[in-house]
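# Coordinate analysis (summary)
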Amino acid sequence: MRILVSNDDGYTAPGLQALVDALEGLGELTVVAPETNCSGSSNSLTLNRPLWAHQAANGFHYVNGTPSDCVHIALTGMLDFRPDLIVSGINNGANMGDDTLYSGTVAAATEGYLFGIPAIAFSLVDRGWKHLDAASRVARDVVERYLAQPLDAPLLLNVNIPAVPYDAIDGMRVTRLGKRHPSQPVVKSTTPYGEPVYWIGPVGSVSDAAPDTDFGAVKELAVSITPLRFDLTHHEQLQDIQRWAAPLCVSP
Ligand code: MN
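Residues numbered from 1 in each chain as written. Predicted model: local features only at pLDDT ≥ 70, side-chain atom pairs only at ≥ 80, totals over all residues. Heavy atoms only, no water.

### Considering helix α1 (residues 14–22)
Going by this rule: Buried means the residue's accessible area, taken with a 1.4 Å probe over protein chains only, is under 20% of the maximum for its type, while exposed means over 50%, and partly exposed covers the values in between. Only DSSP runs of H or I covering at least 4 residues are called helices, and only runs of E covering at least 2 are called strands; the numbering of each starts at the N terminus. Working rule for contacts: check all heavy atoms of both residues, and any pair within 4.5 Å makes them a contact.
Among the residues of α1, those classed as buried are Gly-15, Leu-16, Ala-18, Leu-19, Val-20 and Ala-22. Against the buried residues of α1 lie β1 (2–6), β2 (28–34), β5 (85–92), β6 (119–124) and α4 (132–148).

### Quick notes on the coordination of the manganese ion
So the rule is basically this: With water omitted from the atoms examined, metal sites may look incomplete; donors here are N, O and S atoms no farther than 2.8 Å from the metal, or 3.2 Å in the case of Na, K and Ca.
The protein atoms that coordinate the manganese ion are Asp-8 (OD), Asp-9 (OD), Ser-39 (OG) and Asn-91 (OD1), at distances spanning 2.1 to 2.3 Å. Considered as a linear motif, the donors of the manganese ion on their single chain read D-D-x29-S-x51-N. Of the two residues, Asp-8 sits in the loop between β1 and α1 while Ser-39 sits in the loop between β2 and β3 (53–55), which places them 31 residues apart along the sequence.

### Considering a nonpolar patch on the surface
The line we're drawing: Here a patch means residues that are over 30% exposed by relative accessible area and free of salt bridges, tied together within 9 Å if like-charged and within 5 Å if nonpolar (Val, Leu, Ile, Met, Phe, Trp, Tyr). Only the protein chains shown count as cover for residues, and the accessible areas themselves come from Shrake-Rupley with a 1.4 Å probe. The term salt bridge refers to a pairing of a side-chain nitrogen on Lys or Arg with a carboxyl oxygen on Asp or Glu at a separation within 4 Å.
Taken together, the side chains of Leu-114, Phe-230 and Leu-232 define a hydrophobic patch exposed on the protein surface, amounting to about 340 Å² of accessible area. Tracing the sequence through the fold places Leu-232 in the loop between β13 (223–227) and α6 (238–244). Residue classification places Leu-232 among the exposed positions, given a relative accessible area of 74%.

### Re the pattern of salt bridges
In the structure shown here, the tally under the stated rule is seven salt bridges. A salt bridge links Asp-99 to Arg-180; its shortest N-O distance comes to 2.7 Å. With Asp-99 in the loop between β5 and α3 (104–114) and Arg-180 in strand β9 (residues 179–180), this pair connects stretches of sequence that are 81 residues apart. By relative accessible area, Asp-99 is classed as buried at 14%. Overall, Arg-180 belongs to the buried group, its relative accessible area being 18%. When the shortest N-O distance is used, the salt bridge between Asp-240 and Arg-243 registers 2.7 Å. Taken together, the positions of Asp-240 and Arg-243, both in helix α6 and three residues apart, correspond to about one turn of that helix. According to the relative accessible area criterion, Asp-240 is partly exposed, its value standing at 43%. Residue classification places Arg-243 among the exposed positions, given a relative accessible area of 56%. A single network of salt bridges, built from pairs that share partners, joins Arg-176, Asp-208 and Asp-212.

Right, dumping it as structure tokens:
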């Protein structure tokens, strides 16, 4: 079992080391992670410059690119093997609901999924690494479960872990993504030179935290496991748009 490990907080992040330590003995681990913090980078690839990969003293490979870059180059020629599993994290903060779209942690896993490799993203719900040891044990539990019973279907799991002691975690729940209200307003400021600058505002408050959602699970101290896929087609709307676009679809 060869496991590729990545993240979006960068190769020096405590969550990455914790994930590697947690998975010790479960397979041959290779780390390819961003050089710097790339949280919020989503699935972006760097196309306007080359990427280099260096190896740190602890053996971790680090790349001057995004999480998607890391997994992409790892799978397309940097490594001389194809991993059996990709894990990402453990992220410093939740990746639930709409935030999942922006997440670099989920993106690293998604890149593997797009290449047909099972992938699991792990996030610790509160920022600051509190109870990272408990999150590590959860990550090991999930990976052990996968190794005990691998699934044939393509697999992309988004796992969010409440930041509480291991014994306080109330089991695991399979969930759907919840929803947030739109982000709060941008924060306007001025540079010392008089130029206006804008900081993206904080996330909006949660609008759908029903018990079957990721928000709902972690609120009740359960680990949330959401299976994801990346068909963005709005299947239910196909017929409506077919009718709407009919005049446009007629050949001249
Ligand atoms: Mn992050």
